[in-house]
Every structure is written in structure tokens, then in C-alpha cells.
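Here is what each chain is made of, one letter per residue.
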Number of protein chains: 2
Amino acid sequence: MNVYQIMVDKRDGKKLTADQIEYIISGFSKNRIPDYQMAAFLMAVYLKGMDFEETSALTKSMLDSGMRMNFSRIQGAKIDKHSTGGVGDKISLVLAPLVAAAGALVPMISGRSLGHSGGTLDKLESIPGFRTQLSIDEFYQQIERIGVSMIGQTEAIAPADKKIYALRDTTATIESVPLITSSILCKKLAEGIDGLVLDIKVGQGAFMKTVTEARRLAESMIKTAAIHRLPMSVVLTAMDQPLGYAAGNWLEIQEAVSCLHGEGPSDVMEVTFALGAEMLLLAALATNRDEAVEKLSVLVRNGTAFIKFCEMVEAQGGDVDVLHHMQRYPSAKIVHPIIAENSGYVADLNALTVGQAVVRLGGGRQVIEDRIDHKAGVLLLCKRGDRVKSGDRLALLYTDREKVVDEVAALLSHAFTISNIQPENDHLILESITTEM
Amino acid sequence: MNVYQIMVDKRDGKKLTADQIEYIISGFSKNRIPDYQMAAFLMAVYLKGMDFEETSALTKSMLDSGMRMNFSRIQGAKIDKHSTGGVGDKISLVLAPLVAAAGALVPMISGRSLGHSGGTLDKLESIPGFRTQLSIDEFYQQIERIGVSMIGQTEAIAPADKKIYALRDTTATIESVPLITSSILCKKLAEGIDGLVLDIKVGQGAFMKTVTEARRLAESMIKTAAIHRLPMSVVLTAMDQPLGYAAGNWLEIQEAVSCLHGEGPSDVMEVTFALGAEMLLLAALATNRDEAVEKLSVLVRNGTAFIKFCEMVEAQGGDVDVLHHMQRYPSAKIVHPIIAENSGYVADLNALTVGQAVVRLGGGRQVIEDRIDHKAGVLLLCKRGDRVKSGDRLALLYTDREKVVDEVAALLSHAFTISNIQPENDHLILESITTEM
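Along each chain, residue indices are assigned from 1 in the same order as the chain's sequence is written. Here every chain gets a letter starting at A, and every ligand a number starting at 1, in the order they are written. Totals for whole chains, interfaces and linings use all residues, but because this is a predicted model, local features are given only for residues with pLDDT of at least 70 and pairs of side-chain atoms are given and counted only at 80 or more. Think of the side-chain values as coming from all heavy atoms in the structure, minus any hydrogens and water.

J.: Sorry, what's going on with the relation of the copies chain B and chain A here?
T.: Superposition of the two copies of the chain requires a rotation about an axis and a shift along the axis. To line up the copies, we fit them by least squares on C-alpha atoms, keeping just the residues with pLDDT of at least 70 in both. When chain B is fitted to chain A, the best match, at an RMSD of 0.1 Å, comes from turning it 179° and sliding it 0.1 Å along the axis. Both chain copies can therefore be described as sitting about a two-fold axis. Comparing interface residues between copies, 96% of those in chain B also lie at the interface in chain A; the contact surface is shared. Contact between two residues is taken to exist if any of their heavy atoms lie within 4.5 Å; hydrogens are not considered.

J.: Sorry if this is basic, but what is going on with helix α10 (residues 211–227) of chain A here?
T.: In an α-helix, one full turn covers 3.6 residues, which means residues spaced three or four apart are oriented alike. All names here are of chain A. Only DSSP runs of H or I with at least four residues qualify as helices, and only runs of E with at least two residues qualify as strands; both kinds are numbered from the N terminus onward. What a helix is expected to span follows from its residue count: subtract one and scale by 1.5 Å. For α10, spanning 17 residues, the distance from its first C-alpha to its last is 24 Å, which sits close to the expected 24 Å at 1.5 Å a residue. Burial here depends on accessible area, computed with a 1.4 Å probe over protein chains only, as a share of the maximum for the residue type. Under 20% is buried, over 50% is exposed, and the range in between is partly exposed. Buried residues of α10: Ala214, Leu217, Ala218, Ser220, Met221, Ile222, Thr224 and Ala225, and no others. Buried residues in α10 make contact with α4 (52–64), α9 (177–190), β4 (195–202), β5 (232–238) and β13 (429–434). One or two positions beyond α10, positive phi appears at Arg229, with a value near 60°.

J.: Would you mind showing me how to read the pattern of salt bridges here?
T.: Think of it this way: side chains of opposite charge can pair up when their charged atoms draw near. In the sections that follow, a salt bridge refers to a side-chain nitrogen of Lys or Arg positioned within 4 Å of a carboxyl oxygen of Asp or Glu. Under the defined criterion, the tally for this structure stands at 64 salt bridges over all chains. The partner of Asp426 of chain A in a salt bridge is Arg384 of chain A, with the nearest N and O atoms 3.1 Å apart. Taken as a pair, Asp426 of chain A in the loop between β12 (416–419) and β13 and Arg384 of chain A in the loop between β9 (377–380) and β10 (387–388) lie far apart in primary sequence, 42 residues in all. Taking the shortest distance from any N to any O, the salt bridge between Arg301 of chain B and Glu294 of chain B comes out at 3.7 Å. On the basis of relative accessible area, Arg301 of chain B is assigned to the exposed category, the value being 61%. For Glu294 of chain B, a relative accessible area of 44% puts it in the partly exposed group. Each of the salt bridges in this network shares a partner with another, and the network as a whole consists of Arg112, Asp122, Glu125 and Arg365 of chain A.

J.: Whenever I open this one, the environment of Ala286 of chain B confuses me. Can you help?
T.: Residue and element names in this part refer to chain B. Note on placement: Ala286 falls in the loop between α12 (266–282) and α13 (289–301). Accessibility expressed as a relative area gives 8% for Ala286, which makes it buried. C-alpha of Ala286 to C-alpha of Ala102: the two residues are 184 residues apart in sequence and 9.8 Å apart in space. If near-sequence neighbours (up to four positions away) are discounted, Ala286 is found in contact with Leu280, Leu281, Glu291 and Ala292.

J.: Teacher, can you tell me more about the packing of aromatic side chains here?
T.: Each aromatic ring pair is specified by the distance between its two centres and by the angle formed by the two planes. All names here are of chain A. Within 6.5 Å between ring centres, the rings of Phe, Tyr and Trp (the latter by its six-membered ring) count as paired, and their orientation is classed by plane angle as stacked under 30 degrees, edge-to-face over 60, tilted in between. For the coordinates displayed, the defined rule picks out six aromatic pairs over all chains. Look at Phe71 and Phe139: their rings are 6.0 Å apart centre to centre, the planes differ by 65°, and that puts the pair in the edge-to-face class. Here Phe71, found in the loop between α4 and β1 (79–83), pairs with Phe139, found in helix α7 (residues 136–146); they are 68 residues apart in sequence, far enough to count as distant. Accessibility assignment for this pair places Phe71 and Phe139 in one class, buried.

J.: Would you take a moment to explain the interface of chain B and chain A for this structure?
T.: Interfaces are frequently sized by the accessible area removed from exposure as the parts join. Across the contact, 23 residues belong to chain B and 23 residues belong to chain A. Each of two parts loses accessible area, computed with a 1.4 Å probe, when they are put together; buried area is these two losses added. Interface area for chain B against chain A, summed over the two sides, is near 1800 Å², with a carbon-plus-sulfur share of 70%. Between chain B and chain A we count two salt bridges in total. Taking the shortest distance from any N to any O, the salt bridge between Glu175 of chain B and Arg11 of chain A comes out at 3.5 Å.

J.: Can you help me understand the pairing of β5 of chain A in this one?
T.: Every other side chain in a regular strand lies on the same face of the sheet, so the side chains alternate between the two faces. Residues and elements named next belong to chain A. Of all seven residues that make up β5, seven are buried, and the element is covered over most of its length. When DSSP finds two or more bridges between a pair of strands, those strands are recorded as paired. As defined by bridge partners, β4 adjoins β5 across seven bridges and the pair is classed as parallel. Within β5, the residue paired with Lys201 across the bridge is Thr237. Throughout, right-handed denotes a crossover for which the path from the first strand over the helix to the second runs clockwise when the strands point away from the viewer. As a crossover connection, the stretch from β4 through α10 into β5 is right-handed. Sheet topology note: the β5/β13 ladder contains five bridges and is antiparallel. Looking at the pairing, Val235 lines up with Ser432 of β13.

Okay, here's the thing in C-alpha cells:
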């Protein structure tokens, strides 16, 4: 077998065998195949695609490049959730402790912010002292003791994925259904979980701009997960405007805490309950969605979910005190308002623009090496459908970067479209699809 | 401008601007853009193509990466010939001195053998002492004094092409019309010539397997050359069986010398005269093809062409004596016959297989670092259409590699198809196309 022929076959649109895929992935993983050959191969995959068998083989090879966790000695259903990424998406922060409070085990491995998309790890690290790099043993022990732990990718899991992702990121081969599918699934399969809920974001602030594209990814994920015997539910959720009001790491922790206190924005709670219900169903902790949502609501109202969150933060070295006294957190040097120039309805609030504004303010990364200012971000004061008057404050910028304020304020003004016509209500939960196993 | 967007645009099938192409080529040439990004870009070009304006801009950027020769102080039309490569293709060895003898200047820059295709440089270097690496000044001076010089690619000309070609060779992106066009033309434009004859080989021993593919390349070459104001003629010639009887470096020098003595195989002479006529027409040294061919025939018959060849060999340090006394050349340790198992007509003689046999015998390269044994090769004793009897010798293998003889003999036997049915005569010159300037 040789890598050149594999490249030729994919370039010419042929179906690759599992052996061919294993050859190129393990060769690249072990540095026998150079970056440039993998880059050309990835572009060929991007343009020629892969069917479900190929995607499944790719997932397996990437999974096999590293270790698999084994939670079998811990009783209980281990369920994880993954989101394809959006703006203001703090769902994991609320969902993981909430579902753990309901009795499932949630061993969650999350990612970092990149580009306009926020990352759960960076949000958690805005809590002073919070450690996202636990040893595998610490992770096991915390799941056993508390039922939930949220950590970052470890080097031991799917190293091939890490290497391939870095290459995709610089070779315009990110938005490929088989490559996205295998990248997500190999890591989730390595967690040794019993079920996965996938939140595919759809809209102008998401990877997938249309429901059609999102359905294609959903189908690929479900079929590939089924081949690997991982039960899965997929929920398509809207990502046209940011979720909630906060975008930026510490601002989102504040909003997540509000949610856990039962005082969160209705859109964040709607998505949290929709995804949480799927997780409880996969864990067999509820028999239908209504029952599941009711169970979760109670756990928010009676404070159990917030307590679980605090247990997790404490177990991972975070300062729980600041969660009880948010005002003690250092505040950004500059808090700058965005003022409405017209009166009318907020007809559109562009999530992508808000995400880009957060990056400019210091709250995100343009490249993976950028340092993050956890205080920086955007707090929206209105959302789509709200009525505003000329002179009203639409949003607040939080930043220490004096020089960027004017530029970001101008950018963010363009995120709002004010119109005389009241926009129709849009649906947040677009579709749910569950694997038949 | 950024390289990522250029990759996205080509990946999505968009037309690139000349500025975008210049950005990526000069960036890669100056090591600002890494191999892996260029590799993904080349695969996108392979799969999405480029139109003539893009191909022209690509050619210009590659040309601009190095120096341009300037022959303007030397009176006379400078005409070159380029072939897309075949088996037994020793045409340049005969053609360059012949056309120079007719009064044109022939500053020819040639390539090396790779894979089943022979290379003019390696053939010339089988002449003891022959130097293919002259300085630019030596090259100018030899053209002025003798009218012909045949050298290898210099580092100073189109370095971007050299770097890109090496990458294409390992990333399955060789057979792309815009990439082939720009690679050939940038080097030929750098020669500062007044006209170019392109010999596009078509058939099982060539890059282009069908006339349709060859026409596509011809159209791309002609349109791109026209944008760069380079007059050009394209001739499509058959490459199903090897040209002539000799394949292998010194064996081909011997055959070329026979041609220059007027004793060459008819197919080699037919292609030589066809291409030579186009060169004389471009140089305005003949007014029509018949006149041109007559002129060239005379120069062979009266020995002028051979004298010109010897002048060139001597000027470039080669041993002219051995050209007059071929038997003094060291001979291969093993000369092994291929025997016909059946009687009948040679219905097919596969050039690709013969080319591969030469490589195995030591006369070519599998990778660019391989060393070449100039004595090694295949001498055919019959060609397509010839009648053979069982037990006849079909060909002779020349090699020092005792171990490969049986394997190569078996391989080469398969190159011959013996049939009871006499094959139809096939045409050698398939089409000629000339630029209207």
C-alpha cells in the first residue's frame, strides 16, 4: 500500500477501503506521512466526500490513534453533549451539572474558543483557580464522586485528530461533513460513554448556515455513531442571534449561574431543557420528554443544579466564593454602550458579528496562541423582536483595550437591524433526531 | 490578502484574480507559505481547474519568480521545442543540431528522466564529459558561436516552478492542464525565445492517453502562450509504441547519431521533420512545410546536421571521438534476448512497459535521487506491424544488474502482443495546430 495511490483514489472520487484509511491516518499520526501529503488528501476528501463506511473507518482509525477511557467500574449511564459551536453558547455550563444532578454521569471533554465561536474551557477558566487539565485518574474519581467533570482535550485521546484538525484549520478543509463527523465522534467514542446528544447549531452564527447542511451532518453523525454502537440524539437549534444576553467568558459564567438559579434567559433555558431531556432519555432516567423536562425544572428550582455546579467547581480547584459574590470579580476597565440610532423593532441581531466583536475586545482568539481576557465581552440589552427607541442602549462592551472601542462599537452597531416591522417569532429548536438502536 | 481566502475561493470553484495568484506563488516561492497550504491549494486547482486568464497569471507569477534570459544582442530567430515526454523519444538530440544547421538559434533547456519517461539531459550525459550545467554566459556565447546549446534547468529560472513541481510529484497533482501549462510555459518564456514548438505525446506511453485530453492541453498552451505573445505550434504525435528501436540513454545516443547520418528509423525521422518544419516556419526560414522538410533532409544527407551535433558536444566538453567510434563505449555486462513464443504480427508494443523495463534495468529513475546507468536499456528488434516467427528475438536487454534480468524479461515479454491479424498502419503525426498571432 502507498500513500500516493490513496491520494489518487480519493482525488478521482473512488471509495477508499478501511485499510487504506488506516494506512494514511496511522502513517500521518506517526509522522511517516508528511503534512503536505495529508493536506492534499484532506482537500481531496473535502471536494470528493466520503460515504458512511469510509467516515466510520476514518473515525475508527482516529480513535485507535490514542487511548480509550473506561468507566465500566462506575455504575450509572455516562452521557455527554457536544455542540458544533455558537455565540453566547453557555449551555454546557448549565446542562452538565443539571443532568448530573438528575442522576446521569457527565464526563464532558470540551474545547477552546476559536474565531467567533466561544469555548467552554475558556469560560470555566475565567473562574479563578479552575483547572481544566485533570489527570485521567482525577477525572474518573470526580465522575465517581460528583457525577460530573468538565475538562480539556488530553494528549492521550485521538492524537491523530489533534494533528489533522490543526492542518484542516490552515488548509480550508474544516467544513467537510465526513471530517467534522470523524473529528467529533472519535473523541466522544474515546470517552467510553453510553450516549451522546449532539447540538447542531444552524444559522448565520454557526458552521452550518442552513437546515439542509445541518441535516446532512446529522445524518452522517447518526449513521457513523450507529456503526460504532453509540446511541445518539441530534437536536438542530437556531444560531442566528446569540444565545442569552452574554457573550464573553466571565459574562457567560455569570449568566450560567443565573440560569442555575432559575433566573436565566428563556432561550438558554429552552435549549438546555431540550438537550437535557434527550440526555435523560438516553440515560433511561425518564420515559418521555415532558417527564424529563419537569424533572430538570425541579432540579433548577430547588437549587440542586447550582449546588452540583459548585461541587464541580470546587473539585476542580475553582473559587466557589466568587460564584456567590459575583461583584467581587475584577471588572473591565471600559464599559461602553452601543446606542440605538433609530426606533423600531430589533429585526436581526447577527451572532457572527457579536462573536467577532468579542474576539476584538480580547475575549476570544484569532489564532490558537492568542491570550484571552476573561472579563472582555458583550452584554446585550435587547434581543430580536424587542422594541427599542432612538437613544436606547442596545448593548455594553466590556474591555481593557481602549484602542479598539470605537472600531468595535461601530462593528457591533451593524449587528443590530432596527426595523418598523415586528419580526415573526423564530423557532429555537428546529428538529430532533434520535438513533434507532 | 490572505492565503486562506485564496484556498477557499479555489476550493469553491471561484476564479482567482492575478493578484491572488501572485500572492500565493511568490509567498510559496519565498517560503512565507508552507508546503501543506500549497499542497491543499494544488489539489483544489487539480479538482476545480483554472481558466486561461488564471493559467496565464499563474505562468507569469512563476516566470517572475526567477530571471529571464536575454538573447536580444544575438541576431537570428531563437526557437525551442518541448515534448511532454515519451519512451525512446530522442527527437531533441537530432532536431536541435539539425534546426541550428538550418540557420535558427536553438537555446534548449531540457529535463531529466523520471518514471517511465526518458530525459534528454541524461541521454546527453551518457556522452563522456558532456556538461549540461553551463553558466548563463557560456550558454549565450555558445548560442552565438554555434547556434545550439542543450542544458539543464538552472536555479535562476522559475525557482517557483521547481518547488511546485516537487510538491505536485508527491501530492498526486501532476496531471492538471493548468499546472502542466504554466510549468512548461514559464520556463520557455524565461528563455526569451521567439517561438516554441510543442510536441504533445498521445497514447499509452504518454501523460495524455487520448487525443481529447491532448487537445485540451494544446488549447490551454496555445491560448496561454498567445496571452504572453509567444508564437507557438503544437503537434500531437503518437506514443503507443516507443519511438525508434532504442530506449535507454546511450542506446538512444547511438540511434540519434544514426539519424543524423541519415540512417535513422523512419518514425524518428518523420517526427523530427514534422517538428523541425514547424520550427523553421516560426523562424521564417521556410515559407511552407514542404520547403522546410526538403531543407532539413538536405542537411541530414550532406552531413551538416551531424557536424553541428559534434560541434555542440565538443563545446560542452563531450568526447566527440566516441561518436565516431561507437564500439569504444563500454558495453553492458549482460545482453539478454527476449524470444517470441508465437508467430504472427506484432499487433501492439506497449511503450509504458518498455519505459518501465528501462527503469528496472538501471537506465531511469523511480525517484529523483536514483543514479542512472547510461549503458542500460532496451533495444527493440521489431516494431508494431512487423511479422515475427516463434523463436525470433524480439528485443535485447542491456544491463549490469544480473538479479533483475528474469523479472524484466518477463515484464518486457508482456509488452509485445503477437496476433494473426496484421494491424492497420497507425498515424504518427496526429494533428498540428499553430497560433494565429
